[in-house]
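Each chain, written out:
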Amino acid sequence: DPQPGTSFSAGTTYVSVVATDDLGNQQYCSFPVTVTENEPPVLITKDTSIALTGDGYVFLSPNDVIASVTDNCGLADIYTDASYFDCNSLGNHVVTVYATDNSGNTTTGTATVTITPFVTTSFVTVNPAPVQYSDVATFTAGIIGAAGFYYNGSCSAATEVTFKLGETVIGKADLTPD
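The structure presented is a predicted model; accordingly, all values stated were derived computationally and were not measured.

Trainee: Sorry, what's going on with the overall build of the protein here?
Mentor: Along the backbone of the protein there are zero helices and 14 strands. Its helices and strands taken in sequence order, the protein reads β-β-β-β-β-β-β-β-β-β-β-β-β-β from the N to the C terminus. Per-residue burial for the protein yields a buried fraction of 21% across its 178 residues. The long-range share in the protein, meaning contacts at least 24 apart out of those at least 6 apart in sequence, stands at 44%. Of the accessible surface of the protein, which amounts to about 11,900 Å², a share of 52% is contributed by carbon and sulfur atoms.

In structure tokens form, the structure reads like this:
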């Protein structure tokens with residue numbers, strides 16, 4: 001007991017055996033079978049770029065930096081050594097990823113996480129639509145979500161926008177929340 005051909009999980013299992021001869025004499029024996037699982041998870045990381053939220057922070061999920069992770073006996077835990085980034089974290093960060101299987105074997109890998117500023121949406125409209133180059137038209141421009149835009153590594157919202165045509169500044173505007 002257990003029956004021949006039974007698979008053993010990692011750990012120690014006691015096997016009991018009874019031998020009987022032709023005269024009915026029996027002998028009992030018991031012994032431990034210890035299975036060790038020393039194969040660590042297979043972890044492949046990937047670099048990623050993540051934009052801050054409009055509130056100026058982002059939480060990194062291990063799935064953001066894992067291309068694939070597998071293990072022959074199942075995974076117990078996957079985590080990174082850094083998971084919170086804010087407006088003071090703009091730029092590249094090397095993050096360590098840990099994958100631990102159900103037997104306690106751990107594999108580590110690294111990935112580069114690039115934290116970028118919150119992305120706003122902009123628009124430009126022209127009224128009336130010019131027919132030829134010399135027609136007079138009014139341009140209206142706007143930025144959606146700019147009040148939460150964090151810039152220059154600072155934790156304060158953007159307060160001004162500069163409009164350029166090529167390298168020429170054609171206007172500036174103060175930003176105020178809607």
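Trainee: Any chance you could explain the layout of surface pockets here in plain terms?
Mentor: The rolling of a water-molecule-sized probe over the atoms marks out the regions of remaining empty space. Of the volumes computed, that of the largest pocket is approximately 220 Å³. Lining the largest pocket are Val124, Phe139, Thr140, Ala141, Phe163, Lys164, Leu165, Ile170 and Gly171. Secondary structure elements with two or more residues in the lining of the largest pocket: strand 12 (138-144), strand 13 (160-165) and strand 14 (168-174). Taken together, the residues of the lining of the largest pocket sort by class into six nonpolar, two polar and one charged.

Trainee: Any chance you could explain the sheet that holds strand 4 (residues 48-51) here in plain terms?
Mentor: Each strand in a sheet pairs with another by means of backbone hydrogen bonds, the pair being arranged parallel or else antiparallel. In space, the four strands of this open sheet follow the order 4-10-9-7, with mixed pairing throughout. What marks the edges here is a single partner per strand, and that holds for strand 4 and strand 7 (75-80). Mean inter-strand twist for the sheet, computed between neighbouring axes without regard to direction, equals 30°.

Trainee: Looking at this structure, I do not really get the side chain of Thr107. What am I missing?
Mentor: With respect to the secondary-structure elements, Thr107 resides in strand 10 (residues 106-116). Its relative accessible area of 16% is what places Thr107 among the buried residues. A distance of 2.6 Å separates the side chain of Thr107 from the backbone oxygen of Pro41, its partner in a polar contact. When neighbours within four sequence positions are excluded, Thr107 is seen to be in contact with Pro40, Pro41, Leu43, Val97, Tyr98 and Ala99.

Trainee: Any chance you could explain the packing of aromatic side chains here in plain terms?
Mentor: With the rule as written, the count across this model stands at four aromatic pairs. An angle of 25° between the planes, with centres 6.2 Å apart, marks the rings of Tyr57 and Tyr84 as stacked. Placement of the pair is Tyr57 in strand 5 (residues 57-59) and Tyr84 in strand 8 (residues 84-86), with a sequence separation of 27 residues. Taking the centre distance of 4.8 Å and the plane angle of 15° together, the rings of Tyr79 and Tyr98 count as stacked.

About the thresholds
- Residues numbered from 1 in each chain as written.
- Predicted model: local features only at pLDDT ≥ 70, side-chain atom pairs only at ≥ 80, totals over all residues.
- Heavy atoms only, no water.
- Helix = DSSP H or I, 4+ residues; strand = E, 2+ residues; numbered from the N terminus.
- Buried < 20%, exposed > 50% of the residue type's maximum accessible area, 1.4 Å probe, protein only.
- Contact = heavy atoms within 4.5 Å.
- Areas by Shrake-Rupley, 256 points an atom, 1.4 Å probe, with all protein chains shown as cover.
- 1 Å grid on protein atoms, 1.4 Å probe; cavity = no way out; pocket = protein on both sides within 12 Å on 5 of 7 lines; lining within 4 Å.
- Points joined across faces, edges and corners; volume = space filled by probe spheres on them.
- Nonpolar A, V, L, I, M, F, W, Y, C, P; charged D, E, K, R; others polar.
- Pairing = 2+ DSSP bridges.
- Axes fitted to C-alpha atoms, helices over the stretch in contact; angles between N-to-C directions.
- Polar contact = N/O pair within 3.5 Å; in protein donor to acceptor, adjacent residues only side chain to side chain.
- Phe/Tyr/Trp six-rings, centres within 6.5 Å; stacked < 30°, edge-to-face > 60°.

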